[in-house]
Every structure is written in C-alpha cells, then in structure tokens.
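If you want the building blocks of each chain, they are given just below.
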Amino acid sequence: MGDVSRQGELTPTVAWLFAPAFLCLVLPARSAVAAYGAGPVGVVAVMTLFVLPLSYAVPPGRALWARCRDPLLVVQAVLTYVPFVVFGQDWFVGLAGLLGGLLLLTVGAPASWVLFGAVLLLEGILRADGSWSLTIWALTGPANMALALFGLVRLADLVHDMHTTQAELVAMAVARQRLRGAALLREAIGDRLQAVTAHGKAALALITDSPGQARDRLIEAAGITRQALDQVRVTVARDDRAHGPPKAGREGDTADGIQHGIQGGTVAPQVARMVLVVVLCAFSAQTLVNVLETAADVAAKVGACTVIVTVGALQLRHTRDRRDGVRPQGWVWTFTAQTLLSVASVWVFDEVNLLGMAGFAAGSAMLLVPGRWAWAAFGAISLMAGTTMVAYSTYGLYDAVYAATGTAAYGLVVYGLSRLTDLALRVETAHRELAGNAVVRERARVARDTHDLLGLGLSAVALKCDLVVRLIDRDDARARHELEQLLRIIAESRDEVLSVTEDVRGHLSFLHELATARDALAAAGVEVRTDLPVVPIPPPIDEVLATVLREGITNVLRHAAAKWCAIRLSATDEAVRLRITNDGARPSEAAGTGLDNLRARVGALSGRLTAADDGAGRFDLAVEIPLVL
C-alpha cells in the first residue's frame with residue numbers, strides 16, 4: 001500500500017462545494033442536449049430547473065427552504081413537468097431527478113422515499129412508448145441524478161454535524177468520567193468523613209462528662225480518617241490501571257461506551273457507500289442500455305458489456321480500498337487499465353456510448369493520483385472524452401460539451417462520495433479518540449487533584465484527632481477549640497471531595513493554605529518557621545503556590561519525622577520563589593507521584609521546581625515561577 005498525500009483536508013466547508021459543483025457541471029451538458037432537442041426555449045427551461053436545487057445545495061439558501069419548503073417544491077414540480085406538455089417526448093430524460101433529490105433532502109423519511117418512487121413512476125409513465133431502453137432510462141436517469149444530489153448534500157450535512165458536535169462529545173465524555181470519579185470517591189471517603197464528623201461532634205459533647213468516651217471516639221475517628229486517606233490513593237490508582245488510555249480505531253475502546261455519544265454511529269459512511277453503489281449501478285445500467293441498442297453485432301455487445309462490468313468493478317476496488325490514507329496496491333496498473341478501457345474501448349468496439357464510463361476513470365484520478373497531478377489527470381480524461389465524442393458526433397460542439405462536462409460531473413460524484421465516505425470514517429474515529437483522550441485527561445485530573453487537595457486535609461484531620469486525644473483531661477478548653485477546628489477541616493474536606501469531580505472548586509489561596517499548614521504542623525508537634533513578606537502575587541501563581549505548599553506540608557506530615565519546618569516566600573520584579581525546608585527527611589522513602597504533579601502545575605506557568613535531600617536529614621522543596629508569563 002502506498003501513502004496518500006493529504007491533498008488539502010476535506011473540511012466541512014470544502015464538502016459543501018461538491019453538490020454545487022456537480023450541478024454546475026451537469027447544467028451545461030443538459031443545456032447542450034436541450035439546445036438541439038428543444039431550441040433556446042429548452043435551454044432556458046433547463047437552466048430554471050437548476051435554480052432551486054442550487055439554492056438548497058448552498059448553505060445560505062437553507063433558510064429560504066426552511067420557511068417555504070412546500071411552495072418551493074410545488075414550483076420545482078411545475079418546472080419539471082411543464083416541459084413535457086410543451087416538448088413531449090423530445091424533452092430530456094432524467095431532469096425529474098432534481099425534483100426527486102429535493103424531495104429526499106427536504107421531506108422526512110419514509111414519506112420522502114415514497115414521493116421519490118412516485119417521481120420515478122411518473123417519469124416511466126410519461127416515457128411509455130413501448131421502448132424498453134427508454135423505460136430503463138426513464139427510471140435510472142432520474143434515480144442517478146436524485147441520488148447523486150442527495151448523497152453529496154446529505155453527506156456534507158453529516159460531516160458538518162459531526163464537526164459541530166465535537167464540544168458536546170468531549171463534554172459528554174468528561175461528564176461521564178466525573179460521575180464515575182464522584183462515585184469512586186464517595187465510596188472511598190464520603191461515608192468515612194460522615195462517620196468522622198459524627199465521632200467529632202459526639203466527642204465535643206462528651207469531653208466534660210465522659211472524657212474516656214470522647215477519647216475513644218476520637219481514636220476511632222483518627223483510624224477511620226487514615227483508612228480514608230489510604231483508600232483514596234488505592235481507589236484512584238486502581239481506576240487508572242483498570243482503564244488506562246484508550247486505543248483508537250476500535251469499537252468499545254473508549255471508557256464507558258463513549259463512542260455511543262457519536263450521533264448515528266457510522267451512519268455517514270453507510271449512507272455514502274449505499275448511495276455510491278446505487279449511483280454507480282444506475283449509471284452503468286444507462287451505459288449498458290445504450291450499448292445494447294447501438295452496438296453493431298453480438299461480439300461488440302459482449303465486449304462492450306465486459307468493459308462496463310470491468311470498469312465498474314475496478315471503481316469499487318478503488319473506492320473500497322482507498323482508506324486510512326493509503327492507496328490500493330497496484331493502483332497505477334488498475335487506474336491505467338480503467339482509463340484505457342473507458343476511452344480506448346470506444347475505438348476498439350466502435351461504440352461511442354462506452355464514453356459514459358469515463359466518469360469513473362475521472363473519479364479514480366482524483367482518488368488515486370497524488371497532488372496537483374490529480375486535477376490534471378481529471379481534466380485530461382474529461383477533455384479526452386469530449387474530443388473523442390467529436391470524432392463520432394454529428395452535432396460537433398454540442399456533443400463535445402455534453403461528453404466533457406458529463407464525464408467531469410460524474411467523476412466529481414464518484415470522487416466526492418468516495419472521499420466523503422473516507423472523511424466521515426476518519427472524523428468519526430477522531431471524535432472517538434478525542435472523547436477517549438478527554439476521559440484520560442479527566443482521570444488524570446481527578447487523580448492529581450485527589451492527591452493534591454485531599455491529602456493535607458485528611459492528614460490534618462487525623463493529626464487533630466491525635467492532638468485532641470492528648471489534650472483531653474489536660475486542657476479541655478483547648479481540646480474543645482481543636483475539636484471545633486477539626487469539624488471545620490472535615491467540612492472543608494467534604495467540599496473538596498465535591499470539587500474534585502464536579503468542577504466547582506474556586507481558586508486556592510496561598511494564605512488560606514498557610515493557615516491550614518500551620519495548624520496541621522502544630523498538631524503534629526512540628527515547629528513552624530516562616531519568612532513571608534507581603535508581596536502581590538497574580539491569582540494563577542498564587543493558586544499554584546498554594547498547591548505546592550499543601551503538597552509540601554502533606555509530605556512533611558506523611559514522609560518525614562521533622563522537628564521543624566521552614567516556609568519562606570520571596571519575590572522580585574521577575575519571579576516569585578517559595579522554599580519549604582524540614583529537618584526530618586527519610587532517604588529510604590520514595591517521594592511518590594506528588595512531586596510529578598507539582599512539576600506539571602509549575603511547568604504550565606513556565607516555572608521550575610527542585611527537590612533535594614542533603615543526605616543528613618534535611619529536605620528542601622523550592623519553586624520559582626516567573627511573573628511575566
């Protein structure tokens with residue numbers, strides 16, 4: 001398989017151009033036929049028939065159709081059937097397909113398909129003159145035109161819809177992950193925090209009359225809090241390992257069935273394939289009817305029919321195998337064979353109607369030939385069809401225009417439906433990846449915020465419980481004060497559980513975290529040393545410094561055996577610096593993932609974080625963030 005160069009990605013804006021381009025190419029071909037079949041009046045009639053379809057194919061025209069659909073369909077029907085009254089059987093076959101396409105596009109299913117069938121039936125009745133070939137043309141011609149118009153417009157709509165729902169898909173993925181995260185955190189600590197709150201309130205009421213029971217309540221509360229802290233880490237880690245990052249391109253790869261949020265699943269590719277196959281078969285049938293009627297002998301008919309089947313089969317291969325940015329193996333040979341069969345076979349079998357298959361080769365040129373050469377090959381095949389027709393035509397320029405523009409129009413249909421199918425598949429896959437990646441990012445955020453936000457609060461609760469246990473019967477007044485602070489910290493921790501999964505958290509404050517850190521360190525018996533001049537700090541930096549302080553103090557409480565902890569903040573015109581130092585480092589313990597989280601947060605502000613252990617029991621955590629971001 002060879003790589004296909006991205007010949008300008010087919011965006012929704014580009015996709016909208018296919019239907020108008022198709023109509024504009026078909027228009028001169030039909031006008032040329034009408035000119036020598038019905039004269040100038042016929043040309044005017046053909047041109048008016050294309051006005052309303054073009055207005056629907058161009059997005060700004062949709063507003064008019066939304067307001068006046070029924071009157072506009074009536075006008076199109078009048079323009080379609082009045083020429084039958086004026087010109088009779090001399091009127092061009094197939095233009096009723098414009099009305100059929102508009103019905104498919106503007107009327108809801110299944111009524112649209114019933115009306116479309118009625119248009120084909122009426123066309124067949126109006127053309128009933130005993131000729132089987134004309135009857136087939138009366139059915140396949142409008143069907144071909146209608147489905148080409150319907151397919152190009154509807155597929156552009158679907159591609160546009162999938163692009164515009166991108167934000168909705170991401171929001172849905174994140175919302176589902178938040179629900180999952182909320183359930184896991186409620187399971188891990190929600191009930192435990194309620195139990196700790198109950199024990200704390202009971203201890204507050206029992207301190208004076210039953211200090212022993214109060215002490216037992218607080219010991220149990222401390223144990224529950226430490227269980228909650230351990231359970232949070234285990235739960236988040238287990239959830240991350242259980243799901244991991246999604247693998248793109250496979251059904252069911254994204255978490256919790258996110259792919260089902262893509263409206264219609266693979267509707268766009270399915271519609272594209274169905275419409276393309278029907279259009280190819282209808283156009284091949286038209287060419288086959290012409291050949292069977294005009295071929296000189298049986299051998300010519302058999303040979304020409306073989307050409308039609310072979311060219312159609314090659315087209316299906318080119319369309320089917322050109323997926324995921326690769327060309328089908330041996331495409332140079334199959335494309336060359338398709339082109340020669342479409343054009344050279346006209347001379348071999350002396351059958352000009354085989355030029356009808358040249359549109360397939362033109363479409364394959366756009367699909368397979370790389371870069372700007374694709375357009376050159378497309379134009380060359382269309383021009384070749386026109387010049388070949390001149391050699392067989394008695395009408396000269398009329399037939400040349402008809403052959404050239406008809407080849408270009410149906411080449412565009414083949415390319416457009418094939419390419420839009422590929423685009424729809426890739427957009428759908430990209431959205432599935434996007435939703436899955438959003439889930440992974442949300443999972444990482446929940447894990448990081450769980451570690452950063454809840455760690456210090458839960459550690460402080462456990463330490464406060466221990467402190468109050470020691471104070472009971474020694475200093476009941478201070479014990480009550482510490483218990484009141486304990487209940488406040490528990491309430492804040494419960495709020496932070498919600499903030500992790502419901503995206504309702506306000507900005508963290510460095511000063512607020514400093515107060516919490518002092519309380520937690522004091523409860524643990526750690527001397528706090530501060531050097532904190534009053535300096536203005538921008539909110540984004542203040543929040544990151546608050547997070548660093550919270551994580552730094554959490555590590556002191558969990559990983560260190562510190563007697564003192566120093567917190568120093570300084571600022572210059574260029575940067576803000578925070579340094580947290582303690583004397584209780586344990587070299588044998590790993591730092592865990594907390595520092596990695598902090599590095600990511602600090603790095604997002606172009607800052608730098610360093611963590612160093614001097615080997616003699618002193619640990620230093622330093623952050624520097626530039627003020628000019």
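You'll find the structure just up there.
Every value quoted in this text rests on a predicted model; they were computed, and no experiment measured them.

S.K.: Give a detailed account of unusual backbone geometry, specifying residues and quantitative values.
M.R.: Backbone torsion omega between A109 and P110 reads 5 degrees, so that peptide bond is classified as cis. As for its position among the elements, P110 is in the loop between α4 (96-106) and α5 (111-126). Not every positive phi belongs to a glycine, and S606 is a case in point at roughly 65 degrees. Relative to the helices and strands, S606 is located in the loop between α18 (594-604) and β6 (608-613). Since its relative accessible area comes to 56%, S606 is described here as exposed.

S.K.: Please give an account of the packing of aromatic side chains that cites residues and values.
M.R.: Per the stated rule, a full pass over the model turns up ten aromatic pairs. Judged by centre distance (5.9 Å) and plane angle (80 degrees), the ring pair of W113 and F150 falls under edge-to-face. On the criterion of sequence distance, the pair formed by W113 in helix α5 and F150 in helix α6 (residues 132-164) is long-range, its members being 37 residues apart. Of the aromatic side chains, those joined through ring pairs into one cluster are F22, F283, F360 and Y410. Stacked on the ring of Y56, the Lys or Arg R62 has its end atom at 4.2 Å from the ring centre.

S.K.: So what's going on with the nonpolar core? Residues and values would help.
M.R.: Ranked by size, the top nonpolar core spans 89 residues in total, and within it F22, F50, W91, L95 and V413 carry the most contacts. The dominant element in this core, judged by the number of residues it contributes, is helix α2 (residues 18-57), at 16 residues. Residues in contact with F50, not counting those within four places in the same chain, are L23, V26, L27, R30, L95 and L98. In this structure, V196, A221, L557 and L609 belong to the second largest nonpolar core, which totals 60 residues.

S.K.: Just give me the short version of the sheet that holds strand β7 (residues 619-626), but keep the residues and values in it.
M.R.: In space, the five strands of this open sheet follow the order β3-β4-β5-β7-β6, with mixed pairing throughout. Sheet topology places β3 (527-531) and β6 at the edges, where each strand pairs with a single neighbour. Neighbour-to-neighbour, the strand axes of the sheet open up by a mean angle of 10 degrees, direction not taken into account. Sheet topology places β6 next to β7; six bridges connect them, and they run antiparallel. Bridged to L609 within β7 is V623.

S.K.: Can you explain the environment of F360? Please cite residues and give values.
M.R.: Along the polypeptide, F360 turns up in helix α12 (residues 358-368). Taking C-alpha positions, F360 is 9.7 Å from L316, a pair spaced 44 residues apart along the chain. Excluding residues within four positions of it along the chain, F360 makes contact with L280, F283, S284, V311, G312, Q315, Q338 and V414.

S.K.: Give a detailed account of helix α13 (residues 373-392), specifying residues and quantitative values.
M.R.: Because an α-helix packs 3.6 residues into every turn, residues spaced three or four apart end up facing the same way. Over its 20 residues, α13 runs 29 Å from end to end, which matches the ideal 28 Å to within 8%, given 1.5 Å per residue. Of all the residues in α13, the buried ones are A374, A377, F378, I381, S382, A385, G386, T388 and M389.

S.K.: Break down a nonpolar patch on the surface for me, citing the residues and quoting the values.
M.R.: Residues V74, V78, V82, V85 and V86 make up a contiguous nonpolar surface patch of about 460 Å² in total accessible area. With respect to the helices and strands, V85 occurs in helix α3 (residues 62-87). V85 gets classed as exposed once you look at its relative accessible area, which sits at 72%.

What counts and what doesn't
Residues numbered from 1 in each chain as written. Predicted model: local features only at pLDDT ≥ 70, side-chain atom pairs only at ≥ 80, totals over all residues. Heavy atoms only, no water. Helix = DSSP H or I, 4+ residues; strand = E, 2+ residues; numbered from the N terminus. Buried < 20%, exposed > 50% of the residue type's maximum accessible area, 1.4 Å probe, protein only. Phe/Tyr/Trp six-rings, centres within 6.5 Å; stacked < 30°, edge-to-face > 60°. Lys NZ or Arg CZ within 6 Å of the ring centre and 35° of its normal. Core = buried A, V, L, I, M, F, W, Y, C linked by side-chain atoms within 4.5 Å. Contact = heavy atoms within 4.5 Å. Pairing = 2+ DSSP bridges. Axes fitted to C-alpha atoms, helices over the stretch in contact; angles between N-to-C directions. Expected span 1.5 Å × (residues − 1). Patch = residues over 30% accessible without salt bridge, like charges linked within 9 Å, V, L, I, M, F, W, Y side chains within 5 Å. Areas by Shrake-Rupley, 256 points an atom, 1.4 Å probe, with all protein chains shown as cover. Salt bridge = Lys/Arg side-chain N within 4 Å of Asp/Glu carboxyl O.

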